[in-house]
Amino acid sequence: MAATISPAIRKQLSSMKVAVIGSGISGAVCASTLAKNGVSVTIFESGRGPGGRMSQRREISEDGKELMFDHGAPFFSVSNNNSDAMALVHDWESKGIVSEWKQVFGSFDFASNKFLSIQQEGDAKKYVGVPGMNSICKALCNESGVKSMFGSGIAKLEWLEEEIPWLLSDSKGENVGRFDGVVASDKSIVSPRFTQVTGRPPPLDLNLVTELASKLQHIPVLPCFALMLAFKEPLSSIPLKGLSFKNSEILSWAHCDSTKPGRSTDSERWILHSTPDYANSVIAKTGLQKLSNETLNKISEEMFKEFQCSGLVSSLPFFKKAHRWGSAFPATSIAVEERCLWDRSRNLAICGDFCVSPNVEGAILSGLAAASKLLQTSSCL
Ligand SMILES: Cc1cc2nc3c(=O)[nH]c(=O)nc-3n(C[C@H](O)[C@H](O)[C@H](O)COP(=O)(O)OP(=O)(O)OC[C@H]3O[C@@H](n4cnc5c(N)ncnc54)[C@H](O)[C@@H]3O)c2cc1C
């Protein structure tokens, strides 16, 4: 897109200030695309670092060992017909922040205690961030023209009928800046459904975007618990490094994080994902408030016990900790054709995996679409 923009339009874009809320892959891709085209971009992220559901978690074991876990998305794929997304992935590969993860995957059946299928040649390539899944967002947030503000949750988006119309405030009520355009890259910023998760009304008042409001009212999500495990010795009875589980009420997936490129192999680290039904059953009892250590320990025990029932685990881990993803996967896609929601009159784009498909590829496509809307409008001003 940068190559097709004339110097006059580029000058016009350089006077434009856009706030991108959220540093997950959709927000980070959008911000980087805007900045490459000369727009002045500020990313606001409520978390301590970039990545969202492509985060990497740092833990310390009892004996002081540093352990890193990709406890959100373990990997991603991009289909060949999405050439824009594929071009980005190749660019990230050339910069060393993405690598192909060339391990064999398959599935395991709890009913028969057997491996059922092994991945076929020709299946989509599996990509990972290097050295962690968050490396891609980290690099995008550090690009020239992108200013990143971490630990800065946006609590209010106000539209003022003034030359620079958007006013953003953080959770302390402090004004964090005025902007010509806004990109909201998380459901909780725009959908009232997430008030129960965040404990606050959404930052965007839906009365401002009445045409989009009906799509934003109800975005169902599936939760998931991730169990991070570290073993001193390899789990040698598992021939695969990524496996989906059949016929388990508790576990849906497991992967060996320490076999990804660029990871430490000091220990063997596995991550298990729960089924959405199991996560929902826990949330039905606990609600969505912060979980106590006691509850998280109970969940760790239940998930690990199920893993042991497979007969695949011969030793005990020296580290074991559960994490809750209250909104792991959107259960619907609200803008499959357009790839993002767009209010031209307010220069407001809404993007994220919930627009296209519940995965990294969908989030990348949505972030690119949001950037494209803002660039098209601004270059027509
Ligand atoms: C356990 C798990 C397993 C997964 N497995 C896979 C997989 O195998 N393959 C795959 O492709 N995908 C997988 N996914 C899905 C993938 O991670 C997501 O589709 C993708 O990362 C979504 O990116 P996003 O930018 O849309 O949203 P997010 O990553 O959720 O980013 C949104 C960001 O906005 C921030 N934010 C929210 N509100 C505010 C606010 N008010 N102010 C400032 N910042 C705010 C959040 O902190 C977050 O960082 C998995 C996800 C999980 C949780």
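Because the structure is a prediction, the values reported are computed rather than measured.

Rules used throughout
- Residues numbered from 1 in each chain as written.
- Predicted model: local features only at pLDDT ≥ 70, side-chain atom pairs only at ≥ 80, totals over all residues.
- Heavy atoms only, no water.
- Helix = DSSP H or I, 4+ residues; strand = E, 2+ residues; numbered from the N terminus.
- Rg over C-alpha atoms; globule rule 2.2 N^0.38 Å.
- Buried < 20%, exposed > 50% of the residue type's maximum accessible area, 1.4 Å probe, protein only.
- Areas by Shrake-Rupley, 256 points an atom, 1.4 Å probe, with all protein chains shown as cover.
- Lys, Arg positive; Asp, Glu negative; His and termini not counted.
- Charge placed at Lys NZ, Arg CZ, Asp CG, Glu CD.
- Near = heavy atom within 4 Å.
- Polar contact = N/O pair within 3.5 Å; in protein donor to acceptor, adjacent residues only side chain to side chain.
- Nonpolar A, V, L, I, M, F, W, Y, C, P; charged D, E, K, R; others polar.
- Pairing = 2+ DSSP bridges.
- Axes fitted to C-alpha atoms, helices over the stretch in contact; angles between N-to-C directions.
- Contact = heavy atoms within 4.5 Å.
- Domains from an automatic or database assignment.
- Buried area = accessible area lost by both parts, 1.4 Å probe.
- Salt bridge = Lys/Arg side-chain N within 4 Å of Asp/Glu carboxyl O.
- Core = buried A, V, L, I, M, F, W, Y, C linked by side-chain atoms within 4.5 Å.
- Arc of directions from axis to C-beta.

## Thoughts on the overall build of the protein
Item 1. Within the protein, the secondary structure is distributed over eleven helices and 20 strands.
Item 2. Its C-alpha radius of gyration of 21 Å places the protein within 12% of the 21 Å reference for a compact globule of 381 residues.
Item 3. Across its three principal axes, the protein shows a C-alpha extent of roughly 65 × 45 × 40 Å.
Item 4. The buried share of the protein, reckoned over its 381 residues, is 54%.
Item 5. Accessible area of the protein: about 17,300 Å², with a carbon and sulfur share of 49%.
Item 6. One finds the centroid of the 40 positive side-chain charges in the protein at a distance of 2 Å from the centroid of its 39 negative side-chain charges.

## Focus: the site of the ligand
Item 1. In the vicinity of the ligand lie 35 residues, with Ser26, Glu45, Arg53, Ile154 and Asp353 positioned nearest.
Item 2. In this structure, an oxygen atom belonging to the ligand sits 2.7 Å away from a side-chain N or O atom of Ser26.
Item 3. A distance of 2.9 Å separates a nitrogen atom of the ligand from a polar atom in the backbone of Ile154.
Item 4. Among the elements that take part in the shell around the ligand, strand 18 (residues 319-330) stands out by supplying three residues, more than any other.
Item 5. Residues of the shell around the ligand, tallied by class, amount to 17 nonpolar, 14 polar and four charged.

## Section: the sheet that holds strand 13 (residues 181-184)
Item 1. Ordered in space as 9-2-1-13-20-19, the six strands form an open sheet in which the pairing is mixed. Only two strands of the sheet have a single neighbouring strand rather than two, namely strand 9 (146-150) and strand 19 (341-343). Strand-to-strand twist across the sheet, computed as the mean angle between neighbouring axes with direction ignored, equals 15°.
Item 2. In this sheet, strand 13 lies alongside strand 1 (residues 17-21) in parallel orientation, the contact comprising four bridges. Note on strand 13: the bridge partner recorded for Ile21 is Ala184.
Item 3. This element, helix 2 (residues 25-36), spans strand 1, strand 2 (40-45), strand 9 and strand 13 of the sheet and lies at about 165° to strand 2.

## Let's talk about the domain arrangement of the protein
Item 1. According to the domain assignment, the protein consists of domain 1 (1-52 + 134-220 + 332-381) and domain 2 (100-131 + 221-331).
Item 2. Taking the mean C-alpha position of each, domain 1 and domain 2 sit 32 Å from one another.
Item 3. Across the boundary between the two partners, domain 1 contributes 14 residues, which contact ten residues of domain 2.
Item 4. Taken together, the two surfaces of domain 1 and domain 2 that pack against each other cover about 940 Å², and 62% of this comes from carbon and sulfur.
Item 5. In this structure, the connection of domain 1 to domain 2 is made through zero salt bridges.
Item 6. Between the two partners, domain 1 and domain 2, sit two residue pairs in polar contact (both at pLDDT 80 or more).
Item 7. Elements with a contribution of two residues or more to the side of domain 1 that touches domain 2: helix 4 (135-141), helix 6 (195-198) and helix 10 (353-356).

## Points about the nonpolar core
Item 1. Counting 60 residues, the largest nonpolar core has Ile25, Trp92, Trp166 and Leu168 as the members making the most contacts within it.
Item 2. Shared between two domains, this core holds at least three residues of each, these being domain 1 (1-52 + 134-220 + 332-381) and domain 2 (100-131 + 221-331).
Item 3. Excluding residues that lie within four positions of it along the chain, Trp92 makes contacts with Ile25, Val29, Ile97, Val98, Ile136, Leu140 and Ile364.

## Description of unusual backbone geometry
Item 1. For the peptide bond that leads from Val130 to Pro131, omega is 10°, which places it in the cis range.
Item 2. You can see Pro131 is positioned in the loop between strand 8 (127-129) and helix 4.
Item 3. At Asn113, a residue that is not glycine, the phi angle is positive and equals roughly 50°.
Item 4. With respect to the secondary-structure elements, Asn113 resides in the loop between strand 6 (105-109) and strand 7 (114-118).
Item 5. Positioned with a positive phi, Asn347 is a non-glycine residue whose angle comes to about 50°.
Item 6. With respect to the element layout, Asn347 can be found in the loop between strand 19 and strand 20 (348-350).
Item 7. Asn347 gets classed as buried once you look at its relative accessible area, which sits at 11%.

## Focus: helix 7 (residues 210-217)
Item 1. Within helix 7, the full set of buried residues consists of Leu212, Ala213 and Leu216. Taken end-on, helix 7 shows its buried residues confined to a sector of 120°, consistent with a single buried face. Structural note: helix 7 exposes Glu211 and Ser214 on the side pointing more than 90 degrees away from its buried face.
Item 2. For helix 7, the secondary structure elements touched by its buried residues are helix 5 (187-190), strand 19 and strand 20.

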